[in-house]
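# Geometric and topological summary
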Amino acid sequence: MTSSSTATPSARPEPESHHDVDLAQVMFRRADVESRRAAMYAAQAQQEGAAGLSGMERQARERDAVISAVVLVQASVEAFINWTHIQAGHTVNSMNFKDRGRAITTSAAILNPTATEPFAWDTAEDDFFTELNKWRNFLGHASPTSRNWLRDLLVERGEVPPGASDSQMMELLTAPLAARFVDTALTLMNRAAKAIGTGAPFSNGAWDAPDELAEPPLLEDPAALRSLLRVTLRRTGFLSLPADELSRELDRQRAGQTGLWVRWRPGRRRRPGRWTVKRG
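These notes cover the structure that comes with them.

Criteria and thresholds
Residues numbered from 1 in each chain as written. Predicted model: local features only at pLDDT ≥ 70, side-chain atom pairs only at ≥ 80, totals over all residues. Heavy atoms only, no water. Axes fitted to C-alpha atoms, helices over the stretch in contact; angles between N-to-C directions. Helix = DSSP H or I, 4+ residues; strand = E, 2+ residues; numbered from the N terminus. Parallel < 35°, antiparallel > 145°, perpendicular 65-115°, else oblique. Left-handed = near helix turned anticlockwise from the far one by under 90°. Contact = heavy atoms within 4.5 Å. Salt bridge = Lys/Arg side-chain N within 4 Å of Asp/Glu carboxyl O. Buried < 20%, exposed > 50% of the residue type's maximum accessible area, 1.4 Å probe, protein only. Expected span 1.5 Å × (residues − 1).

Glancing now at the packing of helix α1 (residues 24-50) against helix α8 (residues 175-196). Interaxial distance between α1 and α8 falls to 8 Å at its minimum, and their mutual angle equals 155°. In this view, α1 runs roughly antiparallel relative to α8, as classed from their interaxial angle. Taken as a pair, α1 and α8 cross one another with a handedness that is left-handed. For the pair α1 and α8, contact is made by Phe-28, Ala-31, Asp-32, Ser-35, Ala-38, Ala-39 and Ala-42 and by Ala-175, Ala-178, Ala-179, Val-182, Leu-186 and Met-189, respectively.

Have a look at this one:
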């Protein structure tokens, strides 16, 4: 890797005026939210399984949240490293994630010239960068090479058997993996920030709003569904919808007045039946 510094260790440089936004915290906060959502979906899947249901839909949502968390953790760490280089006025020519990560030693020396020993990532942190980068490339690229890189790593660690399929690797994308990635990234960025004298992303008090952790799709939220149906009824006066969209509303009606009346109309002359909705 080739790099050159535009500042000397004798004075802490000021970032260029057109480089004034550190995106690491934004992406880390979203990664933290997605990790928490993954844990929520995993718990819901377990509850459904205990009730004799499949829990497959909740498990699918768990995996989606984990994928988002992994990609965002990698983006946050990369943004943190790049912002450190910007603050140091240190130009790193390589675009490789790990090369730019290792170059933080030079930027750290520029930003904290009085440090008693140079900052560098330890072996465990460097191994984490490798794992994080390979997962991100596997998820973000369609190339066989990126998939094989991750497969080789997971086989070496005994997490999948030799020749494992992409689907077998995807099964490792669970809430505990997302939580581990978030916690590890937080720890190593805080260690670097403390040694260098800069800020780092954080999770404590990072304003994770309750609605971010329990944001349901429109047609899975009974209140939103009722609102949607009311708007439609005001325009049509009468409405027919597929059974799967109205089944939850029917359950709510059986439990008490909802403002809408839903009933099943049997088919006639070999025509299929349908759900109908009227004003309550």
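For the rest of this paragraph, the subject is the pattern of salt bridges. Applying the stated rule across the entire model yields 14 salt bridges. Salt-bridge contacts for Glu-34 lead to Arg-30; the nearest nitrogen and oxygen are separated by 3.4 Å. On the criterion of helical spacing, the pair formed by Glu-34 and Arg-30 is a turn pair, its members being four residues apart in helix α1. Under the relative-accessibility criterion, Arg-30 is labelled partly exposed at 27%. Put simply, Glu-159 and Arg-157 hold a salt bridge, and the shortest N to O gap is 3.0 Å. One salt-bridge network, held together by shared partners, links Lys-98, Asp-99, Arg-102 and Asp-126.

The α-helix winds at 3.6 residues per turn, so residues separated by three or four positions along the chain end up facing the same way. With 27 residues, α1 ought to run about 39 Å at 1.5 Å a step, and its terminal C-alpha atoms sit 39 Å apart, in line with that. Positive backbone phi, approximately 90°, marks Gly-52, located one or two places after α1.

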